[in-house]
Amino acid sequence: SSVLLLLALQALALALLLWRAPGNRRANRALAGLLVVVAGLLTPYILGYAGAYDSAPWLTFAPFAVPLAVGPLLYAHVVALARGQGIARWHWLAPALQFGWQAALFPLPTATKWRIDAAVIEPVVAPLSDVALLVSMVGYGIAAWRCLGAYRSWLEGQRRVDRPARRIRLMILILVPLIAVRAAYSLFELAVRPVTYFDEFGYYLLLGATALGLGLAGWRQADLPAPAGRDEEEARAERGRQWLERARDDGWTRDPDLTLDALARKLGTNRADLSRALAPHGGFAAAVGRIRAEAVAEAMRGGDSGDLLGLALAAGFGSKASFNRAFRARFGTSPSQWRGGAESREAAIPTD
């Protein structure tokens, strides 16, 4: 009881901190909810080991444990991290039903509860709940795992390491099978012998420790902002496009020593904002290389028959290799082939 109580109290304290944490509030609060649910799963065993159900049998069916809420909360946490969005309401239907039937039975007289348990809960509800838990954890585990790819991409776009995504992936690898295995206890009871509270101590000890590890991993990144929504992303991309146009029109891209920091100073912004605005355009190096390649192509289209390297240096390229690479990335062919080709220059050069 003392060991599990300590884990539950730590989980609840961490849940309170996460609930109040800034940054991505939707993700932090989903994780806080997950920790509260795990603390609830530990509570019947804390009480059982202390003998509370023997001295207070009316505690039967107290709605502490709602394991079907673990999957949706885990998935909601990852979705909020990756997309800054919530999940649909139907995901909460099964947890609500599981909590509801316990809450409905809890106020009944103890003798009545025992009769209902023997006639309905044990033969029907409990096996269905175990199957639902197994399906829920497998399904939500796979969905959360896939969604982590989007979160990792967002971290990379923010120029951050992907350690937070790796920590969550590790916790999913532990937590999802751990919760799913809980359904196997029922099969063991049917095939071998009844499982006692003491048989399950190691399981709930590992469950509490794993949830605490996931909570600590979330706390370490609780101050990260939520990913931008679609409207904000479009606005940011448009701002990046306008900044690139200004850099091209003012001739800043013709400077071979132009850097992200230098361009940010010229535009009156900071490095982080400029980097995020240019991310939809391939990033600073790719965007500037594209403008320079288009400047060389425009010169050739205008009839300039000068040396290609000279045109590249005049556009701001610092080497022949970088020129060839950027030109091929923009037009799909080498500069010399483009110059001598028969394709329409008008179609190759953007007019906007």
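Since the structure is predicted, the reported quantities are computational estimates derived from the model, not experimental observations.

Q: What should I look at first to understand the overall build of the protein chain in this one?
A: Per the secondary structure count, the protein chain includes 16 helices and zero strands. Classification of the 352 residues of the protein chain by burial places 44% in the buried group. Restricting the contact set of the protein chain to residue pairs at least 6 apart, pairs at least 24 apart contribute 69%.

Q: Which parts of the structure should I look at to understand the pattern of salt bridges?
A: Side chains that carry opposite charge are capable of pairing whenever their charged atoms lie near each other. All told, the structure shown has seven salt bridges when counted by the stated rule. The shortest N-O distance in the salt bridge between Asp-249 and Arg-248 comes to 3.4 Å. For Arg-248, a relative accessible area of 33% gives the class partly exposed. Salt-bridge contacts for Arg-301 lead to Glu-298; the nearest nitrogen and oxygen are separated by 3.0 Å. Residue Arg-301 and its partner Glu-298 are both found in helix H12 (residues 284–301); the two are separated by three residues, about one turn of the helix. Assessed through its relative accessible area of 32%, Arg-301 is described here as partly exposed. One network of salt bridges, in which partners are shared, links Glu-238, Arg-241 and Glu-245.

Q: How should a nonpolar patch on the surface be read in this particular structure?
A: On the surface, a nonpolar cluster with roughly 330 Å² of combined accessible area is contributed by Leu-5, Leu-9, Leu-12 and Val-36. Among the elements that take part in the nonpolar patch, helix H1 (residues 2–20) stands out by supplying three residues, more than any other.

Q: I'm lost on the side chain of His-91 in this one. Help?
A: With respect to the helices and strands, His-91 occurs in the loop between helix H4 (70–83) and helix H5 (93–105). In this structure His-91 comes out as buried when scored by relative accessible area, which is 10%. Among residues more than four places away in sequence, those in contact with His-91 are Pro-72, Tyr-75 and Tyr-140.

Q: Please clarify how helix H8 (residues 201–220) should be interpreted in this entry.
A: When the terminal C-alpha atoms of H8 are compared, their 29 Å separation across 20 residues agrees well with the 28 Å that a helix rising 1.5 Å per residue should span. For H8, the complete set of buried residues consists of Tyr-203, Tyr-204, Leu-207, Gly-208, Thr-210, Ala-211, Leu-212, Leu-214, Gly-215, Ala-217 and Gly-218.

Q: Mind showing me how you'd approach unusual backbone geometry here?
A: Trans peptide bonds make up most of the peptide bonds, and negative phi angles are found at most residues other than glycine. Here Phe-61, not a glycine, exhibits a phi torsion of approximately 70°, which is positive. Looking at the secondary structure, you find Phe-61 in the loop between helix H3 (52–55) and H4.

Q: Could you clarify how one ought to interpret the environment of Tyr-49 in this entry?
A: Here Tyr-49 lies in helix H2 (residues 25–49). Aside from chain neighbours lying at most four places away, what touches Tyr-49 is Ser-1, Leu-4, Tyr-197, Phe-198, Glu-200 and Phe-201.

Q: It is not clear to me how the nonpolar core should be interpreted in this structure. Could you clarify?
A: If you look at the biggest cluster of nonpolar residues, it comprises 59 residues, and the most contacted ones within it are Leu-4, Leu-34, Ile-179, Tyr-204 and Leu-207. Where this core is concerned, the elements lending two or more residues are H1, H2, H4, helix H6 (110–157), helix H7 (163–191) and H8. By residue number, the principal contributor to this core is H2, which donates 14 residues. Not counting the four nearest positions on each side in its chain, Leu-34 is found in contact with Val-70, Leu-73, Leu-74, Leu-175 and Leu-214. The next biggest cluster of nonpolar side chains, apart from the first, holds 17 residues, and it includes Leu-244, Leu-263, Leu-274 and Ala-287.

Q: I tried to follow the packing of aromatic side chains on my own but got confused; where do I start?
A: To describe a pair of aromatic rings, you give the distance between the ring centres and the angle between the ring planes. Applying the stated criterion across every chain yields a total of twelve aromatic pairs. An angle of 70° between the planes, with centres 5.9 Å apart, marks the rings of Tyr-49 and Phe-201 as edge-to-face. One end of the pair, Tyr-49, is in helix H2; the other, Phe-201, is in helix H8, with 152 residues separating them in the sequence. Overall, Tyr-49 belongs to the buried group, its relative accessible area being 18%. Since its relative accessible area comes to 29%, Phe-201 is described here as partly exposed.

Q: Hey, could you run me through the confidence of the model for the protein chain in this one?
A: In low-pLDDT regions, the fine details of the predicted coordinates are not to be read closely. Predicted confidence across the protein chain gives a mean pLDDT of 83, with 86% of residues reaching 70 or more. Of all helices and strands in the protein chain, the one with the weakest mean pLDDT is helix H16 (residues 345–348) (46), whereas H5 scores best (94). Taken together, the stretch residues 342–349 has pLDDT below 50 and engages in 17 contacts with residues farther than four places along the chain or on a different chain.

Q: Explanation requested: the packing of helix H10 (residues 260–267) against helix H11 (residues 271–278) in the structure shown.
A: Pairs of packed helices are described in terms of their axes, by the angle between the two and the distance that separates them. Contact geometry for H10 and H11: axes closest at 9 Å, N-to-C directions at 100°. Our classification of the angle between H10 and H11 gives roughly perpendicular. Residues Leu-260, Asp-261, Leu-263, Ala-264 and Leu-267 of H10 form the contact with H11, whose participating residues are Arg-271, Leu-274, Ser-275 and Leu-278. Counted by class, the contact of H10 with H11 contains six nonpolar, one polar and two charged residues.

Q: Explain the packing of H1 against H8 to me, please; I cannot follow it from the model alone.
A: Two numbers describe how H1 lies on H8: the axes approach to 10 Å, and their chain directions differ by 20°. Relative to H8, the element H1 lies roughly parallel. As H1 runs across H8, the sense of the crossing is left-handed. Where H1 approaches H8, its residues Val-3, Leu-4, Leu-7, Gln-10, Ala-11, Leu-14, Leu-17 and Leu-18 are matched on the opposing element by Phe-201, Tyr-204, Leu-205, Gly-208, Ala-209, Leu-212, Gly-215, Leu-216, Gly-218 and Trp-219.

Basis of the calculations
Residues numbered from 1 in each chain as written. Predicted model: local features only at pLDDT ≥ 70, side-chain atom pairs only at ≥ 80, totals over all residues. Heavy atoms only, no water. Helix = DSSP H or I, 4+ residues; strand = E, 2+ residues; numbered from the N terminus. Buried < 20%, exposed > 50% of the residue type's maximum accessible area, 1.4 Å probe, protein only. Contact = heavy atoms within 4.5 Å. Salt bridge = Lys/Arg side-chain N within 4 Å of Asp/Glu carboxyl O. Patch = residues over 30% accessible without salt bridge, like charges linked within 9 Å, V, L, I, M, F, W, Y side chains within 5 Å. Areas by Shrake-Rupley, 256 points an atom, 1.4 Å probe, with all protein chains shown as cover. Expected span 1.5 Å × (residues − 1). Core = buried A, V, L, I, M, F, W, Y, C linked by side-chain atoms within 4.5 Å. Phe/Tyr/Trp six-rings, centres within 6.5 Å; stacked < 30°, edge-to-face > 60°. pLDDT = per-residue confidence, 0-100. Axes fitted to C-alpha atoms, helices over the stretch in contact; angles between N-to-C directions. Parallel < 35°, antiparallel > 145°, perpendicular 65-115°, else oblique. Nonpolar A, V, L, I, M, F, W, Y, C, P; charged D, E, K, R; others polar. Left-handed = near helix turned anticlockwise from the far one by under 90°.

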